[in-house]
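Here's the letter readout for the chains.
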Amino acid sequence: MDKDEKEQLERLAAELRKYIVIMNCYAGSGHPGGALSAADIVAYLFHKELNFSPANYQDPNRDRFILSKGHSCMVLYAALAQKGFFSTEEFKKLRRIDGMLQGHPDRLKTPGVEFSSGSLGQGFSFALGVALGGKRAGLDFRVYVLLGDGELNEGQVWEGFMFGAHYRLDNLVAIIDYNKFQSDDLTSNITSLEPLHDKLASFGWQVVEINGHDFLDLEQAFSQARKTKGKPSVIVAHTVKGKGISFMENNPKWHGSLAPVGAERHRALRECGCEDLRL
Amino acid sequence: MKTMREAFGLALAELAKSRDDFVVLDADVAGGTGTHIFREAFPDRFIQCGIAEQNMMSVAAGLSTTGVLPIVTCYAVFASLRAIEQVRNSIAYPRFNVKIAASHLGLDVGPDGPTHQAIEDLAVYRSIPNITIVSPADPVELYKALPVVLDHDGPVYLRTGRSPLPTIFDDRLSFELGKGKIIREGRDVTIIAVGVMVHRAIEAADKLQKEGISCRLINMSTVKPIDRELIVESAARAGCLVTAEDHNIIGGLGSAVAEVLAETIPVPMERVGIRDLFAESADPNDLARKYHLLPDDIVLAARSVLRRKKNERTTGEGTGK
């Protein structure tokens, strides 16, 4: 990745964060923390990795992006709007009556959404089914599924890790947005995930640990996943919850569901470069 | 006599010869659900998911987006309770074309006991939008229903069964989704039954006939959407009604019929079913006797509902006049 590409990705990720804050303010609720932590990962996927666009989104051979941590849907909506799946005008109707953007993703309402996620663990298993189906059908698309760290509390996820390794789903990459916080507290204070790397490796997955805000790291990890054969890959992406909005960073309060108001709203909008939003 | 699960396995294997669009998912209970028969015939179309029903349901949803039709199979207690949230959120809400086929229904499960006796599956599935519920009464109907279920575009919950059952129907039977079938015509009382209870209802109707009571008997093999028209017409005609199911009295067939009656023509009605309790391990026939699911229990219910009909006609109560 050259300097220009890296800068372009930084601009696109900054725009995703701006969209997230705008949407969050329009809706008056939502889950900004985990959307912001995943913005760089999603920017990289949508602009560098995925063969997925409004032109091919119903093509059986398209790559699939599945957001298993459905509550972070603002980052998905931002990326889909950025790619031209729908207008940013839709942001105004997020979480509102008759809007196409639901509080958690809805595949039947929103173009580009592959799965109606929100109940944690299910998007991951769904993605495994898509990957297995792709292999069985001889299709060569790849499957990318983004999980939260708190989501790993779900037993279903570990059923899935066994399943993915058993069926050698090397056409699938799971990315864990390891921002260290879940709804109430630090993941380490809820039911600790560590040693996470060892756990995942012992389940038979190829594990790569990276800084989820570093595009060079992301490039290397996804390229390694492509080269890995005979087993699925999981990228443990260390991130900062609320990344980009100073007062949201590493503060579990901003998991959600809420939106900044008053002085905090002005500050959030200013920090993401959007000072003229009229709500 | 074949068991319904055996019939299911055979029907799958037979159907797979002429259509290559479906795969079968199993949670390490193939011998219990009858799918081992399919596995032997079509090993490449059999997907073992291990004892992990929650993952299996969501995997099936994913598979359904890749040009294949998944049939998820397991015991009803797991299909309707353990993995029900996956059925709701991974299959029903996104409306994926996945079929869920479950064996081990009600007290017919027998000696495995209450942990494995699904007595709530109809209640649970009935309350989830987008899902059709089919519960055939004999191997012939199951055989006829299977291709219709597979052709239906949308999630279906298909109930099979565990115990051997004699055949009721012959090959002329045609299965129509959403339609109850009158299998005996009569004027005094209507009995609506589902699954294994259809057999007991036939015996009950024979006994009632000997007492001079003529019964209309309906096999309500599509529990959702329920055949409202047939229920209303039957209630109007007989003026009273009995339902029979090997399921908890709350939320199943009896409730579905009562809901229709309450909104249309409320006639006296009695429900035969499990009286909101957990049973025990025993032979299914002993359980049916102890927990009042025998033909005689249907006969008692019919007599009782006929008395109520007579009283109402005498006093004019409950007729709305």
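Scroll up a little and you will see the structure.
The sections below set out a description of the structure shown in this document. (Residues numbered from 1 in each chain as written. Chains lettered and ligands numbered in written order. Predicted model: local features only at pLDDT ≥ 70, side-chain atom pairs only at ≥ 80, totals over all residues. Heavy atoms only, no water.)

Check the secondary structure of chain A and you find 10 helices and 5 strands. Taking 279 residues into account, the globule formula puts the C-alpha radius of gyration at 19 Å, and chain A, at 18 Å, falls close to it. Across the 279 residues that make up chain A, the buried fraction comes to 57%. Contacts spanning at least 24 positions in sequence make up 76% of the contacts within chain A whose residues lie at least 6 apart. For chain A, the accessible area works out to roughly 10700 Å², and carbon and sulfur atoms hold 45% of it. Taking the average place of the 33 positive charges on the side chains of chain A and the average place of its 35 negative ones, the gap between the two points comes to 3 Å. (Helix = DSSP H or I, 4+ residues; strand = E, 2+ residues; numbered from the N terminus. Rg over C-alpha atoms; globule rule 2.2 N^0.38 Å. Buried < 20%, exposed > 50% of the residue type's maximum accessible area, 1.4 Å probe, protein only. Contact = heavy atoms within 4.5 Å. Areas by Shrake-Rupley, 256 points an atom, 1.4 Å probe, with all protein chains shown as cover. Lys, Arg positive; Asp, Glu negative; His and termini not counted. Charge placed at Lys NZ, Arg CZ, Asp CG, Glu CD.)

Right, let's talk about the environment of B:K99 for a bit. All names here are of chain B. Its place among the elements puts K99 in strand β5 (residues 99–103). Residues K99 and Y157, 58 residues apart in the sequence, show an inter-C-alpha distance of 6.2 Å. If we ignore the near neighbours within four places in the chain, the residues touching K99 are L69, P70, I71, V72, V149, L150, H152, G154 and V156. A polar contact is formed between the side chain of K99 and the side chain of N97, at a distance of 2.7 Å. Polar side-chain contacts of K99 include one of 3.3 Å to the backbone oxygen of V149. (Polar contact = N/O pair within 3.5 Å; in protein donor to acceptor, adjacent residues only side chain to side chain.)

Next up on the list: the packing of aromatic side chains. Taken as a whole, this structure holds 22 aromatic pairs over all chains when the rule is applied. Aromatic side chains A:F161 and A:F203 sit 6.4 Å apart centroid to centroid with 70° between the ring planes, which places their arrangement in the edge-to-face category. Here A:F161 is found in helix α6 (residues 155–166), whereas its partner A:F203 is found in the loop between α8 (196–202) and β4 (206–211), with 42 residues between them in sequence. Exposure remark for A:F161: the relative accessible area of 0% places this residue in the buried category. Judged by centre distance (5.7 Å) and plane angle (25°), the rings of B:F38 and B:F42 are stacked. (Phe/Tyr/Trp six-rings, centres within 6.5 Å; stacked < 30°, edge-to-face > 60°.)

Turning next to the side chain of B:R126. All names here are of chain B. Tracing the sequence through the fold places R126 in helix α7 (residues 121–126). Among the polar contacts made by the side chain of R126, one reaches the main-chain carbonyl oxygen of G251 at a distance of 2.8 Å. Leaving out residues up to four positions away in the same chain, R126 has contacts with I133, V223, K224, G251, G252, S255, A256 and E259.

The next thing to look at is the interface of chain A and chain B. Taken together, the contact between chain A and chain B spans 25 residues of the former and 25 residues of the latter. At the boundary of chain A with chain B, total buried surface from both sides reaches about 2000 Å², with 54% on carbon and sulfur atoms. When the area that chain A buries against chain B is broken down by residue, the three leading residues are A:Q122, A:R136 and A:E159, summing to 26%. Where chain A touches chain B, the interface holds 0 salt bridges. On inspection of chain A and its partner chain B, the count reaches 12 residue pairs in polar contact (both at pLDDT 80 or more). Only α5 (122–137) and α6 of chain A provide two or more residues apiece to the side of chain A that touches chain B. Here the side of chain A that touches chain B takes 11 residues from α5(A), the largest share from any one element. A breakdown of the residues in the side of chain A that touches chain B according to their chemical character gives 10 nonpolar, 9 polar and 6 charged. (Buried area = accessible area lost by both parts, 1.4 Å probe. Salt bridge = Lys/Arg side-chain N within 4 Å of Asp/Glu carboxyl O. Nonpolar A, V, L, I, M, F, W, Y, C, P; charged D, E, K, R; others polar.)

All right, on to the nonpolar core then. In terms of nonpolar packing, the biggest core is built from 85 residues, with A:L172, B:I100 and B:Y157 touching the most fellow members. Viewed by domain, this core spans two of them, domain 1 (2–165) and domain 2 (181–315) of chain B, each represented by three or more residues. Ignoring any residue separated from it by four or fewer positions in sequence, one finds B:Y157 in contact with B:A76, B:A79, B:I100, B:A102, B:L105, B:D121, B:Y125, B:I131, B:T132, B:I133 and B:V134. By size, the runner-up hydrophobic cluster in this structure holds 63 residues, among which are A:L94, A:L146, A:I245 and A:F247. (Core = buried A, V, L, I, M, F, W, Y, C linked by side-chain atoms within 4.5 Å. Domains from an automatic or database assignment.)

All names here are of chain B. A full pass over the atoms with the stated rule returns 32 salt bridges over all chains. Two residues, D296 and K207, come together in a salt bridge whose shortest N-O distance is 2.8 Å. A residue pair is termed long-range when its members are at least 10 positions apart, and D296 in helix α13 (residues 295–315) and K207 in helix α9 (residues 196–210) qualify at 89 residues. Look at D296 and you get partly exposed, because its relative accessible area is 41%. On the basis of relative accessibility, which here comes to 34%, the residue K207 falls in the partly exposed class. One salt bridge in this structure joins R228 and E263, with 3.3 Å as the shortest N-O distance.

What follows covers the sheet that holds strand β7 (residues 156–159) of chain B. Residues and elements named next belong to chain B. Reading across the sheet, the 7 strands line up as β3-β2-β4-β5-β7-β6-β12 and stay open at both edges, with mixed pairing between neighbours. Looking at the sheet topology across the chains shown, the edges are occupied by β3 (46–48) and β12 (222–224). Across the sheet, the mean angle from the axis of one strand to that of its neighbour is 25°, orientation sign disregarded. One ladder, built from 2 bridges, connects strand β6 (residues 132–134) with β12; its direction is antiparallel. When the sheet's bridge partners are listed, V134 is paired in β12 with T222. Relative to the sheet, helix α1 (residues 4–18) contacts β2 (22–26), β4 (69–75), β5 and β7, its axis offset from that of β2 by approximately 145°. (Pairing = 2+ DSSP bridges. Axes fitted to C-alpha atoms, helices over the stretch in contact; angles between N-to-C directions.)

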